[in-house]
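# Summary of structural features
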Amino acid sequence: MDRPAWAPEGVDMQQASPARMYDALLGGSHNFEIDRKAAEMGKTLVPDLPRLALSNRAFLRRAVRFLADSGIRQFLDIGSGIPTAGNVHEVVQGIDPDIRVLYADIDPVAVAHSRAILRGNSRAGAIEADLRKPAELLGKAAETGLIDFDQPVGLLLVAVLHLLSDSDEPVAKVADLRAAVQPGSYVAISHLTSEMRPDDAGKLGANASTENRIGIHFRNRDGIVAMFDGWDLIEPGVVELPVWRPESERDLHEAPGRSLGLAGVGRKA
Ligand code: SAM
C-alpha cells in the first residue's frame, strides 16, 4: 500500500497506532488497514465500542466548555489525537476567539493533520511530545508562545493516561504537570476503566496487547481517582463518562452503569 499524502514519511504502516485506531472507531479517514482491522476486532469483542468513543468525545466537549466558561483562556491538550468533529479549538474559540489551544501528541500522523487543519489560525498549534517526559513536553509548549505558564491553563488528558503503563507512573506524570501550572488551572481526565465491565475490559486489554502490540491499561476507580491527588474535584467528581454534567439526552451515548470510561475535572487551588 502506498503512503497516503497525509501520512508523514517514516510512519510504520504495518503497526497499528492508538491514534489511528481511535480515528477508525470514530469513522475518520486518517487510518491504515491495520488500524481498521484492530478497530473491527475490538468491535467484535465489544460491539458498543464506537459508543464509548463518542461518549468520550462528548465528555471532552462538555469539559472544555465548562473550563472556558470558568475563565480558562489557554488549553494544553495532551494526547490530542487526530482531529475529528468537535475539536477543542473549534469548541472554545467559538466561545471566545482569543482562547489559545496547543495540541500535543506522540503520534506523527496526529501532529501533521492537526498542523494542516490549523493553518491560518494564529491562536492554535500542535507539537509532537511525550506525556511520559513532562519536563520536555512543557518546555516545547512554552517555546510555541501559545501557552503562558504564568497564567492558569486548562490541561486536557482525555483518553491518554490509559496508554501509560504503571511503570510509566501516570499518577506522577499528572503531579509533574500540576506542579508546573498556576493556581486556578484545571485538569480534565478521562480514562478507560475495568470498574463497571471487568470482563469486557479484560478482553479488550488482552486483545490490544497480543494482536496489536498496544498496551491499554484499564484501571479501577481508585487508580483513576489517584490521578486527581492535589486537585480539588469539581462536582460531580469522578464518574462514568456520560454522567459528567450531561447537557441533553444526546450526551448519553453509553447507558449509565455500563460505561467503559470514568472522567472528572479538577482545579488547582
Ligand atoms: N484526546 C483525544 C480524545 O479523547 O478524543 C484523543 C484520544 S486517543 C484515544 C489517545 C491519543 O494519545 C493518541 O492520539 C495517542 O497518539 C496519544 N498518546 C499515546 N501515548 C502518548 C504519550 N506518551 N504522549 C502523548 N500522547 C500520547
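Residues numbered from 1 in each chain as written. Predicted model: local features only at pLDDT ≥ 70, side-chain atom pairs only at ≥ 80, totals over all residues. Heavy atoms only, no water.

For the chain, an unreviewed UniProt entry supplies the name SAM-dependent methyltransferase and the organism Nocardia iowensis.

Our focus in this paragraph is the nonpolar core. The biggest cluster of nonpolar side chains holds 41 residues, and the ones touching the most others in it are Phe-59, Phe-75, Val-88, Leu-156 and Val-265. Per element, the largest residue contribution to this core is 10 residues, and it comes from helix α3 (residues 49-69). (Core = buried A, V, L, I, M, F, W, Y, C linked by side-chain atoms within 4.5 Å. Buried < 20%, exposed > 50% of the residue type's maximum accessible area, 1.4 Å probe, protein only. Helix = DSSP H or I, 4+ residues; strand = E, 2+ residues; numbered from the N terminus.)

This next bit is on the site of the ligand. The ligand sits among 19 residues. The nearest are Tyr-22, Asn-56, Arg-57, Gly-79 and Asp-105. A distance of 2.6 Å separates an oxygen atom of the ligand from a polar atom in the side chain of Tyr-22. Between the ligand and the protein, one listed contact pairs a nitrogen atom with a backbone N or O atom of Gly-79 at 2.7 Å. Here the ligand, which alone exposes 600 Å², has 95% of that area covered by the protein. At the level of secondary structure, the elements contributing two or more residues to the shell around the ligand comprise α1 (18-25) and α3. Of the residues assigned to the shell around the ligand, the class counts are 10 nonpolar, 4 polar and 5 charged. (Near = heavy atom within 4 Å. Polar contact = N/O pair within 3.5 Å; in protein donor to acceptor, adjacent residues only side chain to side chain. Areas by Shrake-Rupley, 256 points an atom, 1.4 Å probe, with all protein chains shown as cover. Nonpolar A, V, L, I, M, F, W, Y, C, P; charged D, E, K, R; others polar.)

Below, the discussion takes up the side chain of His-89. The residue His-89 is located in helix α4 (residues 88-95) in this model. Within the local environment of His-89, its side chain forms a polar contact with the side chain of Tyr-103, the two groups lying 2.7 Å apart. In this view, His-89 contacts Gly-94, Val-101, Tyr-103, Ile-117, Leu-118, Asn-121 and Ala-124; residues no more than four positions away in its chain are not counted. (Contact = heavy atoms within 4.5 Å.)

Moving on, we come to the environment of Arg-100. With respect to the helices and strands, Arg-100 occurs in strand β2 (residues 100-105). In this structure Arg-100 comes out as partly exposed when scored by relative accessible area, which is 26%. In sequence terms Arg-100 and Ile-72 are 28 residues apart; their C-alpha atoms lie 9.6 Å from each other. Ignoring anything within four residues of it in the chain, the contact list for Arg-100 reads Arg-73, Gln-74, Phe-75, Arg-123, Leu-146 and Asp-148. A distance of 2.8 Å separates a polar atom in the side chain of Arg-100 from a polar atom in the side chain of Gln-74.

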